[in-house]
2 protein chains.
Amino acid sequence: MSTAPSARTRLSRKPARGAHDRETIDAILDEALVAHLGLAIDGLPYVVPTLHARVGDTLYFHGSAGSRTLRALASGAPACITVTLIDGLVLARSAVHHSVNYRSVIVFGQASPVDTPDERQAALQAFMDRLLPGRWDEVRAPTNKELLVTSVLSIPLTETSAKVRSGPPLDDEDDYSLNVWAGIVPLALHASPPIPDTRLQKGIQPSPVVEGLLSRHA
Amino acid sequence: MSTAPSARTRLSRKPARGAHDRETIDAILDEALVAHLGLAIDGLPYVVPTLHARVGDTLYFHGSAGSRTLRALASGAPACITVTLIDGLVLARSAVHHSVNYRSVIVFGQASPVDTPDERQAALQAFMDRLLPGRWDEVRAPTNKELLVTSVLSIPLTETSAKVRSGPPLDDEDDYSLNVWAGIVPLALHASPPIPDTRLQKGIQPSPVVEGLLSRHA
C-alpha cells in the first residue's frame with residue numbers, strides 16, 4: 001500500500017530521499033519511541049514530544065485529558081506529527097558534506113478523540129504492546145476511572161511520507177583523494193540492564209518481557 | 001542564569017517536571033543530536049527534523065537555502081524548536097503508570113538569518129565541534145560558494161524551558177504489593193565501530209577525533 005504524495009508531503013528538497021510506501025513509513029513509526037507533535041494555536045507553532053502507537057492505518061497518541069495541546073487537537077486543530085530515528089553520523093572529507101543518517105516520517109491530518117472506554121483501552125494496550133510485548137498481561141489493567149482521565153486521540157495515516165538518508169558520505173569528486181578518514185559511525189538506542197524499583201517486593205525477578213526488551217535493544 | 005517562564009513556557013501540566021535554569025536547558029540542547037523545528041504556514045503546522053548547535057545564548061540551525069521551512073523562518077515566521085532525549089522506559093505495576101524517562105527542551109522565538117559568510121562559517125564550525133570535537137581541523141573547510149548556498153538561522157534562547165522525567169515508576173500505593181517486576185530499563189544512544197567509506201584511500205585509519213566519538217557514546 002502506498003499513499004500518494006500531497007502538496008505538503010511531496011518533497012521539494014532532495015526528492016530521492018523521499019518514500020511514500022507504507023511499509024517504509026510503518027517500520028519507522030513502529031520503531032520510534034517518541035513522536036514530535038506539532039500544532040498551531042493562534043498562528044503560533046507548538047511542538048511537544050509524545051508517545052504514539054500505530055494500529056493498522058491509524059496513529060494513536062495520548063496524554064492527560066487536561067493537556068492544552070490535546071484539547072486543541074481534540075477540538076479540530078490540524079496536526080503534524082514527526083518521528084525521527086538517528087542511525088549514524090556521516091563523516092565526509094569536507095566540512096559541508098558531513099551529515100546524519102536518519103529515517104523520519106511526517107504525518108499531517110486532523111485528530112479525533114477516541115471516545116469509548118473500550119477503544120481507549122485497546123489503544124493503551126497498543127502503546128504497551130509495541131514497547132513491551134507481553135507486558136499488558138503482567139500488570140494491573142486500567143480502571144474505568146483511569147480510562148476517563150486519559151485522553152486518547154487518533155489520526156488516520158492518509159497524508160504521510162518518509163525521508164531517509166543512509167549510506168556513505170557523498171563527497172565532491174576532487175575531495176576523494178584527500179588524506180581524511182571518511183565513513184559512518186553507526187548510532188542506535190541501546191538498553192542497559194534493568195534497575196529494580198527500590199520499593200520492589202523481595203524476590204521478584206525481571207520477567208521474560210523485560211529481558212526481551214534488553215535483547216531487542218542489545 | 002535563568003529565564004523567567006512566559007505564558008507559553010510555564011508548564012500547565014506537572015509543573016514539578018519543569019525547569020527554567022539555563023544549566024539544565026543548555027545540557028539538554030548540547031547533548032541532543034537532532035531538533036524538531038515547528039512552524040505554522042497559513043495556520044497549518046509543520047514539524048521538520050533538523051540539526052542544531054548552541055553557542056552561548058544563541059541556537060543555530062541550518063539547511064539548504066532552498067528549503068521551504070528555512071525560507072519561511074527567515075522571513076519572520078515564529079518558530080518552536082523542541083529537542084528530546086530518551087533516557088529509559090519506566091515499568092510500573094499498573095498499565096497507566098508506565099512511562100518514559102526523558103529530558104526535553106522547548107524554545108520559542110523568531111529566527112534571524114545569519115548573513116555574513118564569516119558568521120556562517122563560525123556557526124557551521126559550532127555544529128561540527130559539538131558533534132565531533134576536533135574534526136573541523138581535519139577536513140576541507142567550506143568554500144565561499146558552499147557558504148553561499150547554505151542557509152544558517154539563529155534564534156535567541158530567551159523564551160525556553162525544560163521538562164524532565166527521571167527516577168522510578170510512581171505507582172498507586174495499593175499496587176506496590178503486587179507481584180510485578182517494576183523499575184527502569186535505561187536507554188541511550190550508543191555508537192558502534194566506524195564503517196570506512198568504500199572509497200577511502202588505502203591506509204587511512206580513523207583519527208583520534210573519530211575514536212573519541214566512540215568513547216563518548218560507549
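Calculation criteria
All residue numbers here refer to positions counted from 1 along the written sequence of the relevant chain. Chains and ligands are labelled sequentially in the order written, the chains with letters from A and the ligands with numbers from 1. At least 70 in pLDDT is required for a residue's local features to be given in this predicted model, at least 80 for side-chain atom pairs to be given and counted, and no such filter applies to totals for whole chains, interfaces and linings, which use all residues. The side-chain quantities take in all heavy atoms of the structure and omit both hydrogens and water. Secondary structure elements follow DSSP: runs of H or I no shorter than four residues count as helices, runs of E no shorter than two count as strands, and numbering proceeds from the N terminus. Each residue's exposure class comes from its accessible area (1.4 Å probe, protein chains only) as a fraction of the maximum for that residue type: buried when under 20%, exposed when over 50%, partly exposed otherwise. Two residues form a contact once any of their heavy atoms are found within 4.5 Å. None of His or the chain ends enter the tally, which takes Lys and Arg as positive and Asp and Glu as negative. By convention, charge coordinates are those of NZ in Lys, CZ in Arg, CG in Asp, or CD in Glu. In this description, the term disulfide denotes a pair of cysteine sulfurs within 2.5 Å. Here the copies are superposed with least squares, the fitted atoms being C-alpha atoms of residues at a pLDDT of at least 70 in both. We call Phe, Tyr and Trp rings a pair once their centres come within 6.5 Å, taking the six-membered ring for Trp, and we label the pair stacked below 30 degrees between planes, edge-to-face above 60, and tilted otherwise. In this analysis the charged atom, NZ for Lys or CZ for Arg, is taken to sit over a ring once it is within 6 Å of the ring centre and within 35 degrees of the ring normal. Put simply, buried area is how much 1.4 Å-probe accessible surface two parts lose in total, over both of them, once they are put together. For this document, the term salt bridge refers to a Lys or Arg side-chain nitrogen within 4 Å of an Asp or Glu carboxyl oxygen. N or O atoms within 3.5 Å of each other form a polar contact, as long as, within protein, one can give a hydrogen and the other can take it, and as long as residues adjacent in sequence are counted only when both atoms are side-chain atoms. Charged means Asp, Glu, Lys or Arg here, nonpolar means Ala, Val, Leu, Ile, Met, Phe, Trp, Tyr, Cys or Pro, and polar covers whatever is left, Gly included. What the arc measures is the spread of directions leading from the helix axis to the C-beta atoms. Two strands qualify as a pair provided that DSSP identifies no fewer than 2 bridges between them. Residue types Ala, Val, Leu, Ile, Met, Phe, Trp, Tyr and Cys, when buried and joined through side-chain atoms within 4.5 Å, form a set referred to as a nonpolar core.

A. Local environment of the overall build of chain A. Each helix and strand in chain A was counted, giving 5 helices and 12 strands. Over its C-alpha atoms, taken along the principal directions, chain A stretches across nearly 65 × 50 × 35 Å. Residues classed as buried in chain A amount to 52% of the 218 residues present. A sequence separation of at least 24 residues applies to 71% of the contacts in chain A between residues at least 6 apart. The distance from the centre of the 21 positive side-chain charges to the centre of the 23 negative ones in chain A is 6 Å.

B. Molecular detail of the state of the cysteines. For the coordinates displayed, the defined rule picks out 0 disulfides over all chains. Its sulfur unpaired, Cys80(A) is 12 Å from the next cysteine sulfur, which belongs to Cys80(B).

C. Looking closely at the relation of the copies chain A and chain B. Expressed as a screw operation, the relation of chain A to chain B combines 0.0 Å of axial shift with a rotation of 180 degrees, fitting to an RMSD of 0.0 Å. The superposition of one copy onto the other is thereby described by a two-fold rotation axis. When each C-alpha of chain A is compared by its distance to the rotation axis, Leu189(A) comes out closest, at 2.1 Å. A shared interface surface links the copies, since 100% of the contact residues of chain A are contact residues in chain B too.

D. Quick look at the packing of aromatic side chains. Counted according to the given criterion, the structure contains 2 aromatic pairs over all chains. An angle of 70 degrees between the planes, with centres 5.4 Å apart, marks the rings of Tyr46(A) and Phe108(B) as edge-to-face. You can see Tyr46(A) sitting in strand β3 (residues 44–50) and its partner Phe108(B) sitting in strand β7 (residues 99–110), one on each of two chains. Tyr46(A) sits in the buried class, given a relative accessible area of 13%. Residue classification places Phe108(B) among the buried positions, given a relative accessible area of 1%. A cation over a ring is seen here: Arg199(A) above Tyr176(B), with NZ or CZ 3.6 Å from the ring centre.

E. Structural view of the interface of chain A and chain B. Between chain A and chain B, the contact holds 90 residues from the first and 91 residues from the second. The three residues of chain A that bury the most area against chain B are Pro45(A), Arg140(A) and Trp181(A), which together make up 10% of that side's buried surface. Linking chain A to chain B there are 8 salt bridges. Taken together, the links from chain A to chain B amount to 35 residue pairs in polar contact (both at pLDDT 80 or more). A per-element tally of the side of chain A that touches chain B places strand β11 (residues 183–191) of chain A first, with 9 residues. When the residues that make up the side of chain A that touches chain B are grouped by side-chain class, the tally is 54 nonpolar, 22 polar and 14 charged.

F. How the structure looks around helix α1 (residues 22–31) of chain A. Of all the positions in α1(A), only Arg22(A), Ile25(A), Asp26(A), Ile28(A) and Leu29(A) are classed as buried. Projected down its long axis, α1(A) shows its buried positions confined to an angular sector of 165 degrees, all on one face.

G. Highlighting the pairing of β7(B). Residues and elements named next belong to chain B. With 10 of its 12 residues buried, β7 lies for the most part within the structure. The sheet contact formed by strand β6 (residues 78–91) and β7 spans 12 bridges and is antiparallel. Note on β7: the bridge partner recorded for Thr82 is Ile106. Across 7 bridges, β7 lies against strand β10 (residues 159–165) in antiparallel orientation. Across the sheet, residue Ile106 finds its bridge partner in β10, namely Ser161.

H. Quick peek at the pattern of salt bridges. Under the counting rule described, the total for this entry stands at 26 salt bridges over all chains. The partner of Arg140(A) in a salt bridge is Asp175(B), and the shortest N-O contact between them spans 2.8 Å. Taken together, the residues span two chains, with Arg140(A) in the loop between α3 (117–131) and α4 (144–149) and Asp175(B) in the loop between β10 and β11 (183–191). Notably, a salt bridge pairs Arg22(B) with Asp26(B), separated by 2.9 Å at the nearest N-O pair. Note that Arg22(B) and Asp26(B) are positioned in helix α1 (residues 22–31) at a spacing of 4 residues, about one turn of the helix. One salt-bridge network, in which partners are shared between bridges, spans Arg22(A), Asp26(A), Asp30(A), Arg54(A) and Asp57(A).

I. Spatial organisation of unusual backbone geometry. Residue and element names in this part refer to chain A. A positive phi angle, near 55 degrees, is found at Asp42, a position not held by glycine. By secondary structure assignment, the location of Asp42 is in the loop between β2 (35–41) and β3. On the basis of relative accessibility, which here comes to 78%, the residue Asp42 falls in the exposed class.

J. A look at the pairing of strand β3 (residues 44–50) of chain B. Examined bridge by bridge, strand β2 (residues 35–41) of chain B and β3(B) share 7 bridges and lie antiparallel to one another. Looking at the pairing, His36(B) lines up with Pro49(B) of β3(B).

K. Quick peek at the nonpolar core. In this structure, Leu73(A) and Leu73(B) are the most contacted members of the largest nonpolar core, which totals 60 residues. Other than its neighbours up to four places away in sequence, Leu73(B) contacts Leu37(B), Leu39(B), Phe61(B), Pro78(B), Ala79(B), Ala111(B) and Leu153(B).

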